[in-house]
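Structural features, examined
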Amino acid sequence: MKRVRINLDDVAQRDNLAEAAFLAARGKRHRPEMREFLVDLEPRISALSAEILNQTVRVGQGHRFEIRDPKPRAIFAPCFRERVLHHALMNRVAPVLDRALISDSYACRVGKGTLAATARAHEHVRRFPWYAKMDVRAYFASIRHSILMERIRRRIKGDDVLALVGRIVAAHGGCSGQGLPIGALTSQCFANYYLDPLDRFLLEAGATRGYVRYMDDFVFWTDTRRDATRLVRRAGEFLEQTLALTAKSDVQINRSARGITVCGYRILPGSIRLGRRHKRRYLESRRRCEAAYRAGTLDAAQLQRAHDAALAITAHAETRAWFRALASEGSGVDWRNEV
């Protein structure tokens with residue numbers, strides 16, 4: 001396997017750091033920390049470039065908080081300066097790792113994403129009779145640093161850059177040597193790359209007829225229930241023996257004709273509908289913006305933009321019947337629970 005050399009000079013180039021700063025600020029320029037960095041951009045990226053080249057740049061700086069989406073998750077938000085570092089590093093590293101991935105891996109990749117994964121799953125649902133849906137228990141917290149770094153070294157050479165990657169990876173997890181923080185750009189890219197051996201194992205297993213993976217959620221299609229059951233067992237063994245991960249026990253094996261939920265969409269052979277998660281997100285978003293309008297914190301134009309953003313959640317599914325049902329809330333149905 002041919003490895004690609006990346007040097008610290010490539011990461012620390014001023015043009016690369018400037019691009020990284022604007023990527024890190026995208027959609028968040030109202031925050032004081034980001035405005036302060038961008039207003040004084042030239043000296044700040046010069047200082048960051050020098051620290052990268054001197055290998056003294058600090059990592060692991062930021063704050064932690066919890067969200068519920070829908071289950072509780074601990075999120076680590078790097079400080080803006082470190083976000084710039086992450087973008088600058090990923091500008092060079094991510095394309096190399098991306099080329100190693102199969103086409104049916106859809107998370108954190110240019111030209112992929114949830115809609116592409118949903119469309120691909122819809123193709124498989126219409127073509128193949130059985131599916132098995134699996135995911136990994138406590139995925140981000142279970143990623144082994146040693147296995148991850150060994151896999152990255154297979155694709156990249158350059159001791160200085162690998163040392164920087166190693167420092168970023170090791171900044172979280174303490175003495176356990178495992179775990180990546182949810183919320184960091186580097187974590188998303190590395191976590192998606194970590195499961196590539198599983199993708200190849202299942203595609204080469206013989207009975208797999210179709211496959212889709214979005215981060216640690218993966219689905220494969222087979223011709224028979226027996227093949228699906230056998231591959232579930234083999235996939236679980238592969239995760240434990242090769243990647244030191246554990247598959248969740250609530251595996252779904254079912255007929256494609258009965259439908260499957262992928263990336264928040266309910267996929268049936270003849271239609272793509274909103275799944276419960278997307279319905280809940282739409283209703284919660286609509287309630288928030290309407291409450292803010294009634295409280296006087298949003299004007300009519302802002303309310304319209306907020307409604308447009310909420311509707312975007314539903315834009316790629318067949319929702320006409322569901323919206324008609326929502327319009328009949330006076331019938332006594334509590335649509336807040338219709339998710």
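Above this text sits the structure in question.
Heads up: these notes are all about the structure in this document.

Scoring rules and cut-offs
- Residues numbered from 1 in each chain as written.
- Predicted model: local features only at pLDDT ≥ 70, side-chain atom pairs only at ≥ 80, totals over all residues.
- Heavy atoms only, no water.
- 1 Å grid on protein atoms, 1.4 Å probe; cavity = no way out; pocket = protein on both sides within 12 Å on 5 of 7 lines; lining within 4 Å.
- Points joined across faces, edges and corners; volume = space filled by probe spheres on them.
- Helix = DSSP H or I, 4+ residues; strand = E, 2+ residues; numbered from the N terminus.
- Nonpolar A, V, L, I, M, F, W, Y, C, P; charged D, E, K, R; others polar.
- Salt bridge = Lys/Arg side-chain N within 4 Å of Asp/Glu carboxyl O.
- Buried < 20%, exposed > 50% of the residue type's maximum accessible area, 1.4 Å probe, protein only.
- Pairing = 2+ DSSP bridges.
- Axes fitted to C-alpha atoms, helices over the stretch in contact; angles between N-to-C directions.
- Contact = heavy atoms within 4.5 Å.

Focus on empty space enclosed by the protein
- As enumerated under the stated definition, the model contains one cavity of 30 Å³ or more in all.
- Put simply, the largest cavity is a space of about 70 Å³.
- Lining the largest cavity, in full, are Glu 82, His 86, Ile 168, Val 169, His 172, Leu 180, Pro 181, Ala 184, Thr 186, Ser 187 and Phe 190.
- Those elements giving two or more residues to the lining of the largest cavity turn out to be helix 5 (80–99), helix 9 (159–170) and helix 10 (185–194).
- Ranked by the residues each element gives to the lining of the largest cavity, the list is headed by helix 10, at three residues.
- Partitioned by chemical class, the residues of the lining of the largest cavity number six nonpolar, four polar and one charged.

Topic: the pattern of salt bridges
- Under the definition given, this model contains 15 salt bridges.
- Arg 120 is the salt-bridge partner of Glu 123, the closest N and O atoms lying 2.9 Å from each other. Placement of the pair is Glu 123 and Arg 120 together in helix 6 (residues 114–127), with a separation of three residues, close to one helical turn.
- Of the residues examined, Glu 123 reaches a relative accessible area of 34% and is grouped as partly exposed.
- A residue is classified by how much of its surface remains accessible, and Arg 120, at 27% relative accessible area, is partly exposed.

Considerations on the sheet that holds strand 11 (residues 271–274)
- An order of 9-10-11 is seen for the three strands of this open sheet, with the pairing classed as antiparallel. Single-partner strands in this sheet number two, and they are strand 9 (260–262) and strand 11. This sheet shows a mean twist of 30 degrees between the axes of neighbouring strands, independent of strand direction.
- Sheet strands touched by helix 6: strand 9, strand 10 (265–268) and strand 11. Its angle to strand 10, the strand with the most contacts, is close to 25 degrees.

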